[in-house]
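Structural overview for review
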Amino acid sequence: MPWSRFHWLVVFALGITWILDGLEVTLAGSVAGALRDPESLALSPSQVGLANSAYLAGAVTGALFFGWLTDRWGRKRLFSVTLGLYLLATAGTAFAWDFPSLALMRFLTGAGIGGEYSAINSAIQELIPARRRGWTDLAINGSFWIGAAMASGATIVVLDPDLFAPDLGWRVSFFGGAIIGCVIIWLRRYIPESPRWLAVHGRPEEAHAIVSDIERRVAAEGHDLGPVPPSAVRVTPRVATSLAEVARTLLRTYPRRVVYGLTLMIAQAFFYNAIFFTYAMMLTDFYAVPVSGVGWYILPFAAGNVLGPLVLGRFFDSIGRRPMIVGTYAASGVLLLASGFAFRAGLLDATTQTLCWSATFFFASAAASSSYLTVAEAFPLEIRALAIALFYALGTGLGGVAAPWFFGVLIESGSRDQVLVGYALASVLMLGAALVAWRIGFDSERKSLEDVAKPLSWD
């Protein structure tokens, strides 16, 4: 199908999830200094790290629970549920009064965002034309950094002590996320259920009506749809897929893809969460950057992360998935290790440290986005959302939840040698993932999802 206004609607209405996640994660990093202020919550660096880890733990829990529901109830129904949970929890964060209440609200906020990942990634894969699936997916995942830039700009204002009291600015920041989410609930009313999901769940008439409406709208824009190659398959409708069948499909039918997907997810989760959740403490503790000025440094960092998927994304559809995944993961590992040694040697200041991060994450952003693309393509329609949830949960749980706390402890030590150890570990994980991608990666560019992984309901 030609690219149309309908596809732009999908991109904007569903891609906002990553903007919200970027907003939340950046706020968490940017307000770290404010949370440690004696006039605010007076948290220690390790408590700040634990609160961020609570967000990630919530995301893991939410992804698993809501991912299971997404394959059973459909993609569209879960949009409102998960976004609603996010709205309530991020607004609740603004009213936290101590560490336990903050950690609880961050956990629930993460649960809403984690649940979004399953439903949104599934819908994007199933509504976007195959020839542009890679670039679209990477660009949407990269929009995380638009949220990061928005949060950075906001914190420059709300963390200014001349404008807001130390215990007020960070609360205003989190409440702003809830306001943005309210707009998105309205926009998502115009996104249909996945026709693929409807077809295999015994609702072919609804699927046909949705596809016909999309085709009508595309034709009305002046596009020529052209002939559709004939394809006849027999579908056995199902209400749900048992967990036993999910396990058999993952472990018996696609064991290499399981190893591949987990490796990519774990490496990028540790890499990102370790660096990003603690960048504010790096700037304040090692470079004496004032809390109110941290936002200025995240803007170029965010720009590199946005540009990476936009510039490199098209090559995932043309050059191919495997060579691009190998290249972006390897480049990320090498650049972070080099900047780590420069940091240890005292060769960097706050500006050059930020430039090093920007160059590194130009590649790392595309690499991280490609891990979600890979997992979403790798498994059959009937278990796609749960597979995304499982891999996100395992990747984040094994590679990401402890990372903010771990790096928080390293930074709290005040030792550049110890921080370098953390950088080296993140680099080794990315280089190892590049090697795994080279050995067992698979090619899915410009292929129908059904050709990449045959649906379980097809005879």
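Residues numbered from 1 in each chain as written. Predicted model: local features only at pLDDT ≥ 70, side-chain atom pairs only at ≥ 80, totals over all residues. Heavy atoms only, no water.

1. Thoughts on the overall build of the protein chain
If you tally the helices and strands in the protein chain, you get 20 helices and zero strands. Rg of the C-alpha trace for the protein chain: 22 Å, near the compact-globule value of 23 Å for 459 residues, within the 12% margin. Considering the protein chain as a whole, with its 459 residues, one finds that 58% of them fall into the buried category. For the protein chain, the accessible area works out to roughly 17,400 Å², and carbon and sulfur atoms hold 67% of it. Each charge class in the protein chain can be summarised by its mean position, and for the 33 positive and 32 negative side chains these summaries are 9 Å apart. (Helix = DSSP H or I, 4+ residues; strand = E, 2+ residues; numbered from the N terminus. Rg over C-alpha atoms; globule rule 2.2 N^0.38 Å. Buried < 20%, exposed > 50% of the residue type's maximum accessible area, 1.4 Å probe, protein only. Areas by Shrake-Rupley, 256 points an atom, 1.4 Å probe, with all protein chains shown as cover. Lys, Arg positive; Asp, Glu negative; His and termini not counted. Charge placed at Lys NZ, Arg CZ, Asp CG, Glu CD.)

2. Regarding unusual backbone geometry
If you check the backbone angles, Ala288 has positive phi at about 55° while not being a glycine. Relative to the helices and strands, Ala288 is located in the loop between helix 13 (279-287) and helix 14 (294-318). Backbone geometry at Arg446 places phi at a positive 60°, although glycine is not the residue there. With respect to the helices, strands and loops of the structure, Arg446 is situated in the loop between helix 19 (416-440) and helix 20 (449-452). A relative accessible area of 48% places Arg446 in the partly exposed class.

3. Let's talk about the pattern of salt bridges
Per the counting criterion, the structure on display carries 15 salt bridges. Arg133 is the salt-bridge partner of Glu377, the closest N and O atoms lying 2.8 Å from each other. Here Glu377, found in helix 16 (residues 350-378), pairs with Arg133, found in helix 6 (residues 133-142); they are 244 residues apart in sequence, far enough to count as distant. With respect to class, Glu377 is no different from Arg133; both count as buried. Salt bridges sharing common partners tie together Asp71, Arg75, Glu126 and Arg384. (Salt bridge = Lys/Arg side-chain N within 4 Å of Asp/Glu carboxyl O.)

4. Regarding the confidence of the model for the protein chain
When pLDDT is averaged across the protein chain, the result is 85; 98% of the residues are at 70 or more. When pLDDT is averaged over each element of the protein chain, helix 15 (residues 321-344) comes out on top at 94 and helix 2 (residues 32-36) at the bottom at 69. (pLDDT = per-residue confidence, 0-100.)

5. Concerning the packing of aromatic side chains
Aromatic ring pairs are reported here in terms of the distance separating the ring centres and the angle at which the planes meet. For the structure shown, the criterion picks out 13 aromatic pairs. Here Phe65 and Phe66 contribute two aromatic rings whose centre-to-centre distance is 5.1 Å and whose plane-to-plane angle is 65°, an arrangement assigned as edge-to-face. Aromatic pair Tyr260 and Phe442: ring centres 5.9 Å apart, planes at 80°, arrangement edge-to-face. Here Tyr260, found in helix 12 (residues 255-276), pairs with Phe442, found in the loop between helix 19 and helix 20; they are 182 residues apart in sequence, far enough to count as distant. The exposure class of Tyr260 is buried, given its relative accessible area of 1%. Since its relative accessible area comes to 14%, Phe442 is described here as buried. Ring-pair connections join several aromatic residues into one group, and the members of that group are Phe286, Tyr287, Phe343 and Tyr423. Directly above the aromatic system of Phe442 lies the positively charged group of Arg257, at a separation of 4.4 Å from the ring centroid. Positioned over the ring face of Phe343 is Arg416, at 4.5 Å from the centre of the ring. (Phe/Tyr/Trp six-rings, centres within 6.5 Å; stacked < 30°, edge-to-face > 60°. Lys NZ or Arg CZ within 6 Å of the ring centre and 35° of its normal.)

6. Remarks on helix 3 (residues 45-73)
Along its 29 residues, helix 3 runs 41 Å from first to last C-alpha, staying within 8% of the 42 Å computed at 1.5 Å per residue. Trailing helix 3 by a residue or two, Gly74 shows a phi angle of about 105°, which is positive. (Expected span 1.5 Å × (residues − 1).)

7. Section: the packing of helix 3 against helix 5 (residues 99-127)
Direction vectors running N to C along helix 3 and helix 5 enclose 35°, while the axes themselves pass 5 Å from each other. The chirality of how helix 3 crosses helix 5 is right-handed. Of the residues belonging to the contact of helix 3 with helix 5, the class tally is 15 nonpolar, eleven polar and one charged. (Axes fitted to C-alpha atoms, helices over the stretch in contact; angles between N-to-C directions. Left-handed = near helix turned anticlockwise from the far one by under 90°. Nonpolar A, V, L, I, M, F, W, Y, C, P; charged D, E, K, R; others polar.)

8. Description of the environment of Phe65
For Phe65, the position within the fold is in helix 3. Distance in space between the C-alpha atoms of Phe65 and Leu83 is 14 Å, their sequence separation being 18 residues.

9. Thoughts on the nonpolar core
Nonpolar side chains tend toward joint burial in soluble globular proteins. Trp170, Tyr329, Trp357 and Phe379 are the most contacted members of the largest nonpolar core, which has 133 residues in total. Among residues more than four places away in sequence, those in contact with Trp357 are Ile275, Tyr279, Met282, Leu283, Phe301 and Tyr423. (Core = buried A, V, L, I, M, F, W, Y, C linked by side-chain atoms within 4.5 Å. Contact = heavy atoms within 4.5 Å.)

10. Some words on the packing of helix 18 (residues 402-412) against helix 19
Contact geometry for helix 18 and helix 19: axes closest at 8 Å, N-to-C directions at 150°. On the basis of their axis angle, the class for helix 18 and helix 19 is roughly antiparallel. The segment helix 18 lies against helix 19, with Phe406, Phe407, Leu410 and Ile411 engaging Gln418, Val419, Gly422, Tyr423 and Leu425. Residue composition of the contact of helix 18 with helix 19, by class: seven nonpolar, two polar and no charged. (Parallel < 35°, antiparallel > 145°, perpendicular 65-115°, else oblique.)

11. Some words on the environment of Thr360
Tracing the backbone shows Thr360 in helix 16. Judged by relative accessible area, Thr360 falls into the buried class, the value being 1%. In sequence terms Thr360 and Ala331 are 29 residues apart; their C-alpha atoms lie 7.5 Å from each other. Discounting chain neighbours no more than four positions away, the residues touching Thr360 are Phe271, Ser332, Leu335 and Leu336.

12. Some remarks on the side chain of Asn305
With respect to the helices and strands, the residue Asn305 is situated in helix 14. The class for Asn305 is buried, based on a relative accessible area of 0%. Among the polar contacts made by the side chain of Asn305, one reaches the side chain of Tyr272 at a distance of 2.5 Å. Contact partners of Asn305, with chain neighbours within four places excluded, come to Gly142, Trp145, Tyr272, Phe361 and Ser365. (Polar contact = N/O pair within 3.5 Å; in protein donor to acceptor, adjacent residues only side chain to side chain.)

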